[in-house]
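Each chain, written out:
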Amino acid sequence: MVRGGLGPPCPQVNLPLGRACGIFGSSSLQEVGLHMTFHIVFTEGKYNGSTLAVSGYNPFHNRFRELPIVGGSGVFRLARGVATLENVWYNSTSGDALVEYYVMVLHY
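Everything quoted here is computed from the prediction, not taken from an experiment.

1. What about the overall build of the chain?
Within the chain, the regular secondary structure consists of 0 helices and 7 strands. Scanning the chain from its N terminus toward the C terminus, one meets helices and strands in the order β-β-β-β-β-β-β. Taking the contacts inside the chain whose residues are at least 6 apart along the sequence as the reference set, 29% of them involve residues at least 24 apart. In the form shown here, the chain has an accessible surface area of approximately 7200 Å², with 58% of it arising from carbon and sulfur atoms.

As structure tokens, this is what we get:
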């Protein structure tokens, strides 16, 4: 299970935008690869109450990865798109990570 906070790209603004909730599991024998299924839930601002659904394979130790946006709700109803991920910080002892998501979405 995963649950984490979402923040803005500017570190000077300490305002939570929402949270990510979902599940992931190991899905590779050759590398650290995860199958991830989660929702990005917006709790502040003009997207408050809207969600984006993300589901796909995440080869965690690759510097850049892509996960598909497979749906959404609220403002993001019928969303499609892609989330590009980059590890900003990773602690191999604790398993904690800070991952930057750049999200491109098409919606109605």
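2. What to know about the pairing of strand E5 (residues 64–73)
Relative to E5, strand E4 (residues 51–59) is paired through 4 bridges, and the arrangement is antiparallel. Counterpart to Leu-52 in the pairing with E5 is Gly-72. Linking E4 to E5, which pair antiparallel, is a turn of 4 residues. Relative to strand E6 (residues 80–90), E5 is paired through 6 bridges, and the arrangement is antiparallel. Bridging from a neighbouring strand, Leu-67 pairs with Ala-83 of E6. Connecting E5 to the next strand, E6, in antiparallel fashion are 6 residues, including Gly-74 with a positive phi near 65°.

3. Notes on the confidence of the model for the chain
Per-residue confidence for the chain gives a mean pLDDT of 84; residues scoring 70 or more make up 86%. The lowest-confidence element of the chain is strand E1 (residues 2–6), averaging 57 in pLDDT; the highest-confidence one is E5, averaging 96.

Analysis parameters
Residues numbered from 1 in each chain as written. Predicted model: local features only at pLDDT ≥ 70, side-chain atom pairs only at ≥ 80, totals over all residues. Heavy atoms only, no water. Helix = DSSP H or I, 4+ residues; strand = E, 2+ residues; numbered from the N terminus. Contact = heavy atoms within 4.5 Å. Areas by Shrake-Rupley, 256 points an atom, 1.4 Å probe, with all protein chains shown as cover. Pairing = 2+ DSSP bridges. pLDDT = per-residue confidence, 0-100.

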